[in-house]
Amino acid sequence: MTTPLATPEEIKANAEASLAEIPHPSLPKGSNLYGSTKIFPDYQAGEGESYFTLVHGIAHESSVSFVACLQALRALRKGFESVLYFYGPAAMNAMATRGFPTTGDSAFPGEQNINAQIEKFIEEGGTVYVCRFGLSLHGLREEDLIAGCIPCHPLDVQDALIHYARKGAIINSTYNL
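Here is a short report on the structure shown in this document. (Residues numbered from 1 in each chain as written. Predicted model: local features only at pLDDT ≥ 70, side-chain atom pairs only at ≥ 80, totals over all residues. Heavy atoms only, no water.)

Burial runs high along strand S2 (residues 81-86): five of the six residues are buried. Two strands pair when backbone bridges link them, and strand S1 (residues 50-56) and S2 are joined in this way by six bridges, in the parallel orientation. Bridging across to S2, Thr53 finds its partner in Leu84. Following the backbone out of S1, through helix H2 (residues 64-77) and into the adjacent parallel S2, one traces a crossover that is right-handed. What joins S2 to strand S3 (residues 127-131) is helix H3 (residues 113-123), and the crossover it makes is right-handed. (Buried < 20%, exposed > 50% of the residue type's maximum accessible area, 1.4 Å probe, protein only. Helix = DSSP H or I, 4+ residues; strand = E, 2+ residues; numbered from the N terminus. Pairing = 2+ DSSP bridges. Right-handed = clockwise from strand over helix to strand, strands pointing away.)

This is how it looks when you write it as structure tokens:
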């Protein structure tokens, strides 16, 4: 025996009961929900310090790649030599051909956020590497990379990591499953 279909009146009554359980909105717009005390100092880069970010996250599948770009830009603005290295499926983050119905258009709000962050990062002096093998995994072309992105050999991922580790860089390795 199946459960009988609820009437529109029953659904409306349940919706009203649900809304009445907790006052809405519980706080007016602009209310603080969290404290603002910063625990650690606002560290700035020392002479010659580097910040190396490995990104292995697919564009628009999570915030991993976008947040990695934001962190790399913040490190750059703190004075670090800051590098983004997109490898594996993350290579698609660096494509200038993103958009719909034409390149550069946004089919949904935020579609161009990652592009804008990468462009800003490069404009402000950051370095962006993109793994050629990562491009090939998705049939992406080097000539379609965002201007200023540097295509790299697949074996460069490990050697770049070694290079920056030996320089004493802060290593931020992000990964999206």
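Time to look at the pattern of salt bridges. By the definition in use, this model includes seven salt bridges. Of the charged contacts, one joins Asp42 and Lys78 as a salt bridge, the two residues approaching to 2.2 Å between their closest N and O atoms. Residue Asp42 is found in the loop between helix H1 (8-21) and S1, and its partner Lys78 is found in the loop between H2 and S2; the two are separated by 36 residues along the sequence. With relative accessibility at 45%, the residue Asp42 sits in the partly exposed group. Residue Arg141 is joined to Asp144 by a salt bridge in which the shortest nitrogen-to-oxygen separation is 2.8 Å. With relative accessibility at 44%, the residue Arg141 sits in the partly exposed group. Judged by its relative accessible area of 15%, Asp144 falls in the buried class. (Salt bridge = Lys/Arg side-chain N within 4 Å of Asp/Glu carboxyl O.)

Between H2 and H3, the least distance of the axes is 10 Å, while the angle of their chain directions is 20 degrees. What the angle tells us is that H2 and H3 run roughly parallel. Here H2 runs over H3; the crossing is left-handed. Along the contact surface, H2 presents Ser65, Phe66, Cys69, Leu70, Ala72, Leu73, Leu76 and Arg77, while H3 presents Asn113, Ile114, Gln117, Ile118, Lys120 and Phe121. In terms of residue class, the contact of H2 with H3 is made up of nine nonpolar, three polar and two charged. (Axes fitted to C-alpha atoms, helices over the stretch in contact; angles between N-to-C directions. Parallel < 35°, antiparallel > 145°, perpendicular 65-115°, else oblique. Left-handed = near helix turned anticlockwise from the far one by under 90°. Contact = heavy atoms within 4.5 Å. Nonpolar A, V, L, I, M, F, W, Y, C, P; charged D, E, K, R; others polar.)

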